[in-house]
Amino acid sequence: MRIVHINLERSWRGGERQVLYLMEGLGRLGHECRLVARRNEGFVSRVAARGIPVHIVSKPYLLHGSLLSRFDVVHAHETRGLQMAAAWKGFNGLPLVFTRRVDNPPTRNPLTRFIYGKIDRMAAISGAIGKVMTAWGFDPARIRMIPSAVETDREPRVETVSMLRERFGGKKVVGCVASLEKRKDHQTLLLAASVIRRQMPDVVFVLVGDGAMRRELEEEAKRLGLTNIVFEGYREDPYPYYGLFDLFVMTSKQEGLGSAILDAFAHNVPVVATAAGGIPEIVRDGQTGLLVDVGSATQVAGAIMKMLGDDGLRRRCTGSARDLVVEGYSIDGMARAYERIYREVTIHG
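Now for a quick tour of the structure. (Residues numbered from 1 in each chain as written. Predicted model: local features only at pLDDT ≥ 70, side-chain atom pairs only at ≥ 80, totals over all residues. Heavy atoms only, no water.)

## So, the sheet that holds strand β13 (residues 290-292)
Sheet architecture is open: six strands sit in the order β10-β9-β8-β11-β12-β13, paired in parallel fashion. The open sheet has two free edges, formed respectively by β10 (229-233) and β13, since each of these has just one partner strand. In this sheet, adjacent strand axes meet at a mean angle of 20° when their direction is disregarded. Where helix α11 (residues 297-308) meets the sheet, it contacts β8 (172-177), β9 (203-208), β11 (247-250), β12 (271-274) and β13, and its direction lies at approximately 170° from that of β13. (Pairing = 2+ DSSP bridges. Helix = DSSP H or I, 4+ residues; strand = E, 2+ residues; numbered from the N terminus. Axes fitted to C-alpha atoms, helices over the stretch in contact; angles between N-to-C directions. Contact = heavy atoms within 4.5 Å.)

## Some details on the environment of R100
Looking at the secondary structure, you find R100 in strand β5 (residues 96-100). What makes R100 buried here is its relative accessible area of 5%. C-alpha of R100 to C-alpha of G130: the two residues are 30 residues apart in sequence and 8.7 Å apart in space. For R100, the side chain forms a polar contact with the side chain of Y116, separated by 2.7 Å. (Buried < 20%, exposed > 50% of the residue type's maximum accessible area, 1.4 Å probe, protein only. Polar contact = N/O pair within 3.5 Å; in protein donor to acceptor, adjacent residues only side chain to side chain.)

## A closer look at the sheet that holds strand β3 (residues 54-56)
The seven strands lie next to each other as β3-β2-β1-β4-β5-β6-β7, forming an open sheet whose pairing is parallel. Unpaired on one side and paired on the other, β3 and β7 (143-145) mark the two borders of the sheet. Recorded for the sheet is a direction-independent mean angle of 20° between the axes of neighbouring strands. The sheet contact formed by strand β1 (residues 2-7) and strand β2 (residues 32-37) spans six bridges and is parallel. Bridge assignment links R2 to a residue of β2, and that residue is E32. Across the sheet, helix α1 (residues 14-28) is in contact with β1, β2 and β4 (73-76); its angle to β1 comes to roughly 170°. Along the sheet face, helix α2 (residues 41-49) touches β1, β2 and β3 and points at about 150° away from the line of β3.

## Section: the pairing of β2
Summarising burial for β2: five of the six residues are buried, a large majority. At this point the chain moves from β1, through α1, to the parallel β2, and the crossover so formed is right-handed. Once the chain exits β2 it traverses α2 before rejoining the sheet at β3, and the crossover so formed is right-handed. (Right-handed = clockwise from strand over helix to strand, strands pointing away.)

## Description of unusual backbone geometry
K59 connects to P60 through a cis peptide bond whose omega is -5°. Examined against the element boundaries, P60 turns out to sit in the loop between β3 and β4. Residue R70 is not a glycine yet carries a positive backbone phi of 70°. Within the secondary structure, R70 is located in the loop between β3 and β4. With phi around 60°, N268 is a residue other than glycine that occupies positive phi space. Its place among the elements puts N268 in the loop between α10 (259-266) and β12.

Shown next, in the form of structure tokens:
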């Protein structure tokens, strides 16, 4: 089967990583994939390095829709790509698959409804997203739940992890890998760090990621007098940090699923996270991690101190979390699930 994937994001983040994982997995199943993308070195170079052909397009993207012909399935992975695919569906007649990765509903204007009406199957990466889209009005019979995948056998380089550990002088490291944007709610994390600074002065928070909120967050950390916060900025390869972290924390207000949490699971790092979006589907309180209310800095701080102070709890949670990702979140399993969708839309429509 020949599948053309569209992702017009300008960054290399979790969603783009998932697209690459999927194309690699489909390749192992014998399918031929192509990518339509904008100029995005971090993403495109990685795809090309795997031998997957890439078509680079520029604005206005709709003018490049003829690239979508001669395939069996068109698979859009973000909104601009969906708009492009929907606009050209009337010309190429190809089945359209869309992956929805965010847990907020689309707008309800007529154009958006027209675009979503062109989707043959929607893959929601969590049950929470499926519920949001059903409530919005998308036909639940056309929704399939396919979660994000994680590399379960990736080991960070020992020398890189050792260098990171030397930087932090034996302190306990609480880490977060996430873009610095409003929905990730790093403000709550900073408030939790303020509580912990007084209770556990040997703990340092390392925030890996960049984004529009960075300057505001740095100013807030300064205002709070936080000397236990390190803004690492964007890292193309964040995996060595999982070898550094004693604990991973995610304080999102909105989260489709949380692929960075799955990465923490795969690297045997205990997790504290908020009950946002699809997170409770993977962070099961007291089993695979500790779950707290959205926006509660007090609960976040308490859960961090509880996890850091209980060796038995950490061992139980990391063991169960590792089993969870190995059994249910593999790249090949995700690829097979999408293969089933493609067969549905090409055989039954």
